[in-house]
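Here are the chains, one letter per residue:
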Amino acid sequence: MKPIKVLLFSSLFPSSVRSIHGIFVETRLRELVKSGGVEAKVVAPVPWFPSTAKRFGEYAQFAATPRYEQRNGLEVFHPRYLLLPKVGMNLAPWAMALAALPLLKRIQREGFDFDLIDAHYYYPDGVAAGLLAKWLGKPFVVTARGTDLNLIPQYAYPRRLILETAARASGSIGVCQALMDSLRDLGGDPSKLHVLRNGVDLERFVPEPRELARERLGLPVDGRYLLSVGLLIERKGHHIAIEALTQLPGVTLLIAGSGPDRAKLEALAARLGVADRVRFAGVVPQTELKWWYAAADVLTLCSSREGWANVLLEAMACGTPVIATNIWGTPEVVSTPDAGRLMRDRDAASLADAWRELMAALPAREAVRRHAERFSWEETTQGQLDLFRSVIRPEPPVARGQGHEIA
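Residues numbered from 1 in each chain as written. Predicted model: local features only at pLDDT ≥ 70, side-chain atom pairs only at ≥ 80, totals over all residues. Heavy atoms only, no water.

Observations regarding the packing of helix 12 (residues 310–317) against helix 15 (residues 365–372)
Where we set the bar: For every element, the axis is a line fit to its C-alpha atoms; helices are fit only across the contacting stretch, and the angle between N-to-C directions ranges from 0 to 180 degrees. Note on conventions: DSSP H or I runs of at least 4 residues are helices, E runs of at least 2 residues are strands, and numbering of each starts at the N terminus. For classification purposes, angles smaller than 35 degrees are called roughly parallel, those larger than 145 roughly antiparallel, those between 65 and 115 roughly perpendicular, and all remaining angles oblique. It only takes one pair of heavy atoms within 4.5 Å for two residues to be counted as in contact. All amino acids are sorted into three groups, where Ala, Val, Leu, Ile, Met, Phe, Trp, Tyr, Cys and Pro are nonpolar, Asp, Glu, Lys and Arg are charged, and the leftover types, Gly among them, are polar.
Following both chains from N to C, one finds helix 12 and helix 15 inclined at 135 degrees, their axes separated by 7 Å at the closest point. In terms of orientation, helix 12 lies oblique with respect to helix 15. Residue-level contacts link Leu313, Met316 and Ala317 of helix 12 to Val368, Arg369, His371 and Ala372 of helix 15. Classifying every residue of the contact of helix 12 with helix 15 gives 5 nonpolar, 1 polar and 1 charged.

In structure tokens, the structure reads:
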């Protein structure tokens, strides 16, 4: 069967400058391409900033992003779009689409006449992809990933655009059932909603000997370790893990990630008198994360919003149970005692209680790994292939009551 030509469109895609940004989108595409059923190119727009912005944090990363690069055998294009202050949220879909249109036309002229657009993140990316699909006469699908449906629809104008886009799309994909329930409740057509959960790379994330992992990271072999992974922002809840240390004597918190709240988190640890039990690891490459998961007794994720958190499955694949907030897709991941525990509330006391409960009945690492093995990429990859084929090669209509195809 001839491979489907897919153009993936999303600002959530890694680059040589932001290597772990949107890594879950890249991973899903790599697994899909690996099936042999798809050929793909990636268009990942970034906001335009002048070269003089290279001295200023995230602006510097945007300015330094190459226009074109290859990642893991995939061609990735990074067109620039203008993101205006104050009105940027409402105009972003058009700015993104207009900036990408000449590039998509060039890609077609150069021989990659894609069959469909596969967009990730509903707003503004999915809305922009819908505009591009309309202008180019192509079908498209949109994958919702969390904030795009559990926060942005609170704003009336983006909500309207999301629903208009969902109506025009050939299908909407949610990384958890809760997101598709949300889109249905907003007014999305249930017949177009599909749940394709993120899988976990069971070859990259494997159990490693705990003592070896701790020695590799320069950690004392004896002791208890709680790990928190993610961008250092309030939404990820690292501050809750720090606060919980006041109720967990002898526990050391490992924090992997970077972000604007690092100084604030360091100050919090100092103020609470637990700074000597908090280690900031900074950004950890995907290839090294397994050692941090293996070194920890437990991973915690104290987020206020998550669609489907890959770190939970990654930790479990390494044999490490988790403690997480009871939100959105997380109960679909932490669904058995072998996986870990869900917090009663999003606060330090609930995290401390969950830690004590888990330590009292700690599952074997082999059992935790077996739970993660239920979430391989195979089912999600096949689900995408089935959906994409139905989009570009729809079944001929069947005459009602006749049971045969209409010629």
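Some details on the pattern of salt bridges
Basically, it comes down to this: Definition used for salt bridges: Asp or Glu carboxyl oxygen within 4 Å of a side-chain nitrogen of Lys or Arg. Relative accessibility thresholds used throughout: buried, under 20% of the residue-type maximum; exposed, over 50%; partly exposed, between the two (1.4 Å probe, protein chains only).
For the coordinates displayed, the defined rule picks out 22 salt bridges. Residue Arg346 pairs with Glu234 through a salt bridge whose shortest N-O separation is 3.3 Å. Of this pair, Arg346 sits in the loop between strand 16 (340–342) and helix 14 (348–360) while Glu234 sits in the loop between strand 11 (224–229) and helix 9 (238–244); the two residues are 112 residues apart in sequence, bridging distant segments of the chain. A relative accessible area of 29% places Arg346 in the partly exposed class. Judged by its relative accessible area of 43%, Glu234 is partly exposed. In this structure, the salt-bridge partner of Arg369 is Glu373, at a minimum N-O distance of 3.1 Å. On the basis of relative accessible area, Arg369 is assigned to the buried category, the value being 14%.

Thoughts on the packing of aromatic side chains
Rules: Between 30 and 60 degrees the pair is tilted, below 30 it is stacked and above 60 it is edge-to-face, where a pair is any two Phe, Tyr or Trp rings, Trp via its six-membered ring, whose centres lie within 6.5 Å. Placement of a positive charge over a ring is assigned whenever Lys NZ or Arg CZ falls within 6 Å of the ring centre and within 35 degrees of the normal to the ring plane.
Inspection of the entire model under this criterion finds 3 aromatic pairs. For the pair Tyr68 and Phe77, a centre-to-centre distance of 5.1 Å together with 55 degrees between the ring planes defines the contact as tilted. Taking the ring centre of Phe112 as reference, the NZ or CZ of Lys41 above it sits at 5.2 Å. In this arrangement the basic side chain of Lys138 is found over the ring face of Phe114, its NZ or CZ atom lying 5.6 Å from the centre.

So, the domain arrangement of the chain
In plain terms, the rule: Domain start and end points were adopted from an automatic or database domain assignment. Reported buried area values correspond to the accessible surface (1.4 Å probe) lost by two parts on association, with both partners' losses combined. Residues adjacent in sequence count toward polar contacts only when both atoms are side-chain atoms; beyond that, a polar contact is any pair of N or O atoms within 3.5 Å, and within protein one must be able to donate a hydrogen and the other to accept it.
The domain architecture assigned to the chain consists of domain 1 (4–198 + 379–392) and domain 2 (210–374). Just the C-alpha atoms count here: the centres of domain 1 and domain 2 sit 30 Å apart. Each side of the interface is counted separately: domain 1 has 16 residues, and domain 2 has 13 residues. Summed over both sides, the interface between domain 1 and domain 2 buries roughly 1,200 Å², with carbon and sulfur atoms accounting for 62% of that surface. Considering only the side of domain 1, the residues that lose the most area to domain 2 are Ile20, Asn150 and Asn198, jointly responsible for 37% of the buried surface there. Where domain 1 touches domain 2, the interface holds 5 residue pairs in polar contact (both at pLDDT 80 or more). Every element with two or more residues in the side of domain 1 that touches domain 2 is listed here: helix 1 (23–34), helix 5 (147–150) and helix 7 (177–186). Its residues assigned to classes, the side of domain 1 that touches domain 2 shows 8 nonpolar, 6 polar and 2 charged.

Points about the environment of Leu245
Along the chain, Leu245 falls in the loop between helix 9 and strand 12 (251–256). Once the C-alpha coordinates of Leu245 and Ala275 are considered, the two residues, 30 residues apart in sequence, prove to be 9.8 Å apart. In this structure Leu245 touches Val251, Leu253, Val274, Arg277 and Val278, once residues within four positions along its chain are discounted.

Topic: the pairing of strand 11
Two faces belong to every sheet, and in a regular strand the side chains alternate between them. Put simply, the rule is: Note: two strands are recorded as paired if DSSP finds a minimum of 2 bridges between them.
Here strand 11 lies mainly inside the structure; 5 of its 6 residues are buried. Across 6 bridges, the pairing between strand 11 and strand 12 is parallel. By the bridge assignment for strand 12, Leu227 is matched with Leu254. Here 3 bridges tie strand 11 to strand 14 (residues 298–301), and the two strands are oriented parallel to one another. Bridging from a neighbouring strand, Ser228 pairs with Thr300 of strand 14.

A closer look at the state of the cysteines
Which entries qualify depends on this criterion: Note that a disulfide, as used here, is simply two cysteine sulfur atoms within 2.5 Å.
The full count for this structure, using the stated rule, is 0 disulfides. Distance from the sulfur of Cys176, which forms no disulfide, to the nearest cysteine sulfur (Cys302) is 19 Å.

A look at helix 16 (residues 378–392)
Using the following cut-off: A helix's residues, less one, multiplied by 1.5 Å, set its expected span.
Here helix 16 is 15 residues long and its end C-alpha atoms lie 21 Å apart, about the 21 Å a rise of 1.5 Å per residue gives. The complete set of buried residues in helix 16 reads Thr380, Thr381, Gly383, Gln384, Leu385, Leu387, Phe388 and Val391.

Overview of helix 4 (residues 122–136)
Within helix 4, 13 of the 15 residues are buried, leaving the element largely enclosed by the surrounding structure. Looking one or two residues past helix 4, Gly137 carries a phi angle of roughly 70 degrees, positive in sign.

Description of the nonpolar core
Heads up, the rule is: Here, nonpolar core refers to any group of buried Ala, Val, Leu, Ile, Met, Phe, Trp, Tyr and Cys residues whose side-chain atoms link them within 4.5 Å.
Judged by nonpolar contacts, the single largest core of 102 residues is most densely connected at Phe9, Ile117, Tyr293, Leu312 and Met316. It is helix 4 that contributes the most residues to this core, 9 residues altogether. Each of domain 1 (4–198 + 379–392) and domain 2 (210–374) gives at least three residues to this core. Core analysis: the second largest hydrophobic core is formed by 28 residues, Ile240, Leu245, Ile255 and Ala354 among them.

Description of the confidence of the model for the chain
Note the cut-off: Think of pLDDT as the predictor's per-residue confidence, scored from 0 to 100.
Confidence in the prediction for the chain averages 91 pLDDT; 94% of positions are at 70 or higher. Across residues 398–407 the pLDDT falls below 50, and counting only partners more than four positions away or on other chains, this stretch makes 8 contacts in the model.

A few points about the side chain of Thr165
Structurally, the position occupied by Thr165 is in helix 6 (residues 156–168). The exposure class of Thr165 is buried, given its relative accessible area of 1%. Setting aside anything within four residues of it in sequence, one finds Thr165 in contact with Tyr122, Gly126, Val127, Phe140 and Val142.

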